[in-house]
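# Structure assessment
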2 protein chains.
Amino acid sequence: MRIAIDAMGGDNAPFEIVKGVDIAANELKNLDVLLIGDKAKIKDCYKQLNKDIPSNITILHTDIEVTMEDDPMIVMKEKNNSSMALGLNELKQGNVDAFVSAGSTGALHVASTLIVRKIKGVRRSAIAAILPFETPVLLLDSGANPVVTEDILNQWAVVGSAYVNKMFGVEKPRVGLLNNGTEEHKGTPVAQEAYKLLKENPEINFVGNIESKEIPNCPCDVLVTDGFTGNISLKLIEGMAKYMGSKLKTMYKANCLTKIAYLLMKKQVKDFRKSFDTSEYGGAPLLGLNKPVIKAHGSSKAADIRGAIKQAIRYSESNIIEKVSQALQK
Amino acid sequence: MRIAIDAMGGDNAPFEIVKGVDIAANELKNLDVLLIGDKAKIKDCYKQLNKDIPSNITILHTDIEVTMEDDPMIVMKEKNNSSMALGLNELKQGNVDAFVSAGSTGALHVASTLIVRKIKGVRRSAIAAILPFETPVLLLDSGANPVVTEDILNQWAVVGSAYVNKMFGVEKPRVGLLNNGTEEHKGTPVAQEAYKLLKENPEINFVGNIESKEIPNCPCDVLVTDGFTGNISLKLIEGMAKYMGSKLKTMYKANCLTKIAYLLMKKQVKDFRKSFDTSEYGGAPLLGLNKPVIKAHGSSKAADIRGAIKQAIRYSESNIIEKVSQALQK
């Protein structure tokens with residue numbers, strides 16, 4: 001198994017990326033990593049880690065990085081030698097089995113679509129975030145396509161179901177449509193038309209419209225929506241979790257008694273925080289593409305990168321892409 | 001001050017409505033309430049409360065109620081003698097100064113627009129939810145209009161600013177546009193065009209695109225968006241708060257030590273829960289209408305109804321509608 005990693009993408013690159021790669025490379029002996037980025041900087045990271053570069057890590061040098069400010073199309077033009085473009089090209093040429101990047105979502109989405117290409121018949125690829133509740137809820141699209149059609153949502157239901165089935169072992173993944181009410185006639189015209197298509201789709205297990213207040217209770221395994229609503233929902237979940245966490249902190253710091261209370265339930269508070277930790281999943285797959293691409297969170301730490309690599313390996317080992325391809329032929 | 005209340009609307013009608021009205025009517029001596037609903041049932045509620053109906057409450061009898069299943073247009077046709085329709089007609093005819101209902105949002109929105117009518121020049125009326133963070137954030141539209149145009153969003157910025165200014169005393173309300181990124185080019189075509197209009201609007205204090213993860217930190221006083229995204233955001237905030245609350249409960253019940261911890265910080269836990277209590281605001285104003293209509297939450301309890309009545313009074317006493325009308329003439 002050979003995975004390419006963008007060493008230059010994300011807020012904590014290259015150090016946290018390199019550290020995460022190192023953890024994964026030590027853990028998984030039959031893993032080969034192609035680490036793409038500035039060779040000198042990567043070596044510096046290893047110095048900081050007080051380690052030698054393990055033999056299963058190869059460095060592909062480039063000092064060109066795609067920034068958050070760059071127009072997504074830049075990867076195809078001026079920055080076609082950036083770490084992101086090189087990684088996607090390695091993937092396209094079959095030199096690696098999957099690619100992981102914590103860089104710009106927009107750029108990764110555009111460049112993946114143009115370089116790696118979509119599965120035949122797929123109209124749009126989606127970024128599928130994994131929501132951190134009791135059971136994972138796959139939210140797609142979570143930001144790449146602000147405007148969609150009902151056909152696109154219907155395809156994503158198939159693609160998402162295949163992913164959840166193979167990755168999390170869910171037999172018949174429940175598919176929900178994110179909407180502003182449970183009734184069939186609710187929502188925008190696109191949501192209304194999507195409901196009709198999803199209801200009639202024999203390839204999926206459609207459970208109807210899902211109201212956002214139910215999301216934390218995991219009412220479905222796959223939740224389809226446009227990338228505008230999906231992105232706003234994803235970030236609102238993140239924002240609320242963070243807000244609640246900081247409120248909790250303030251509560252415990254209020255006085256001597258609350259500080260004692262904290263000591264009495266330190267473990268539970270830690271578990272509470274951990275329940276919103278997404279590092280186990282490590283990233284969001286770009287679904288609908290011909291090959292596995294994982295978008296790691298922009299603020300990824302080493303644990304997230306390790307998680308994203310493990311997800312990339314499992315994705316690559318599964319036959320999800322083949323399964324989607326077959327389902328769409330029907 | 002004379003306020004009409006729909007005694008039949010909402011999950012806890014008529015008892016919680018009557019109880020809330022009774023609290024408000026006893027608190028505010030110069031308030032007259034027109035309570036619209038089934039006279040016998042209202043009298044039963046007072047029996048349950050072990051009280052006589054105070055002299056500042058008058059009952060307007062009807063046993064017809066609008067249900068959640070009814071098509072919104074029904075208020076105008078078969079159910080034009082329902083508690084909702086009668087209340088709106090009393091408001092239209094000037095017999096009362098404001099109307100409060102916890103009934104169907106869709107029906108109240110449609111019937112208000114058709115009976116009470118919009119302010120001249122307003123293209124769509126919006127339901128403006130008040131988000132329960134450190135400082136109130138007025139979210140409009142929160143569910144009435146799934147599809148909007150940039151002009152509508154721009155008008156809502158003006159209407160919402162006038163409301164926040166008069167109701168919460170905010171000098172220059174900060175207006176934000178809910179979007180999937182902070183950059184100007186982000187979002188749907190409608191959001192992109194709305195950004196341009198909002199930026200150039202001299203009547204408002206536009207602070208740019210707002211990412212949903214920032215909402216709990218109150219980055220603006222007025223947050224404009226379409227009713228689809230707004231409704232999903234509102235319900236997600238509710239759902240996350242409820243989920244976190246129940247997680248907290250489980251944490252404290254884990255073992256003897258955590259139960260002691262709970263006792264040590266009971267007050268803080270109570271305050272934490274209370275910080276998500278929306279009963280002080282009591283309801284969402286329907287903005288853009290010629291007269292004050294307040295939509296109380298469907299699950300309203302007495303405290304919410306009391307809050308909604310107080311909000312209706314302040315709304316009616318303010319010159320918000322006049323101010324909006326003047327701003328739109330410009």
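Residues numbered from 1 in each chain as written. Chains lettered and ligands numbered in written order. Predicted model: local features only at pLDDT ≥ 70, side-chain atom pairs only at ≥ 80, totals over all residues. Heavy atoms only, no water.

## So, the overall build of chain A
Within chain A, the regular secondary structure consists of 11 helices and 12 strands. Its C-alpha radius of gyration of 20 Å places chain A within 12% of the 20 Å reference for a compact globule of 330 residues. Overall, the C-alpha framework of chain A stretches about 60 × 60 × 35 Å when taken along its three principal axes. Long-range pairs, those at least 24 residues apart, make up 72% of the contacts in chain A between residues at least 6 apart in sequence. Counting every atom, chain A has about 13700 Å² of accessible surface; 49% of that belongs to carbon and sulfur. Distance between charge centres in chain A, computed from 42 positive and 38 negative side chains, equals 4 Å. (Helix = DSSP H or I, 4+ residues; strand = E, 2+ residues; numbered from the N terminus. Rg over C-alpha atoms; globule rule 2.2 N^0.38 Å. Contact = heavy atoms within 4.5 Å. Areas by Shrake-Rupley, 256 points an atom, 1.4 Å probe, with all protein chains shown as cover. Lys, Arg positive; Asp, Glu negative; His and termini not counted. Charge placed at Lys NZ, Arg CZ, Asp CG, Glu CD.)

## Thoughts on the nonpolar core
Nonpolar side chains in soluble globular proteins generally cluster together in the buried interior. Among the nonpolar cores identified, the biggest contains 61 residues, and Ile5(A), Val21(A), Leu35(A), Leu140(A) and Val224(A) are the most heavily contacted of them. The element best represented in this core is helix H5 (residues 150-168) of chain A, accounting for 10 residues. Here this core spans two domains, since at least three of its residues come from each of domain 1 (1-122 + 288-330) and domain 2 (131-278) of chain A. Those residues within four positions of Val224(A) in sequence are excluded, and the remaining contacts are Leu140(A), Leu153(A), Trp156(A), Ala157(A), Gly176(A), Leu177(A), Leu178(A) and Leu198(A). Counting residues in each nonpolar core, the second largest holds 59 residues, with Val21(B), Ile42(B), Tyr195(B) and Leu287(B) among its members. (Core = buried A, V, L, I, M, F, W, Y, C linked by side-chain atoms within 4.5 Å. Buried < 20%, exposed > 50% of the residue type's maximum accessible area, 1.4 Å probe, protein only. Domains from an automatic or database assignment.)

## Let's talk about the sheet that holds strand E4 (residues 98-101) of chain A
Residues and elements named next belong to chain A. Spatially, E3-E2-E1-E4-E12-E11-E5 is the arrangement adopted by the 7 strands of the open sheet, whose pairing is mixed. The sheet terminates laterally at strand E3 (57-61) and strand E5 (126-127), the two strands that pair on one side only. As judged from the 3 bridges shared by strand E1 (residues 2-6) and E4, these two strands associate in the parallel manner. Bridging from a neighbouring strand, Ile-5 pairs with Val-100 of E4. Relative to strand E11 (residues 283-287), H5 is tilted by about 130°, and along the sheet it contacts E5, E11 and strand E12 (293-296). (Pairing = 2+ DSSP bridges. Axes fitted to C-alpha atoms, helices over the stretch in contact; angles between N-to-C directions.)

## Quick look at unusual backbone geometry
Omega for the peptide link from Ala13(A) to Pro14(A) comes to -5°, which places this bond in the cis form. Mapped onto the elements of the fold, Pro14(A) is located in the loop between E1 and helix H1 (15-27). Across the junction of Leu140(A) and Asp141(A), the peptide omega takes the value 5°, indicating a cis bond. You can see Asp141(A) is positioned in the loop between strand E7 (137-140) and H5. Phi at Asn50(B) takes a positive value of approximately 60°, unusual for a residue other than glycine. Inspection of the secondary structure puts Asn50(B) in the loop between helix H2 (39-48) and strand E3 (57-61). In this model, Arg117(B) sits at a positive phi of 75°, which is unusual for a non-glycine residue. Along the chain, the position of Arg117(B) falls in the loop between helix H4 (105-115) and strand E5 (126-127). In this structure Arg117(B) comes out as exposed when scored by relative accessible area, which is 52%.

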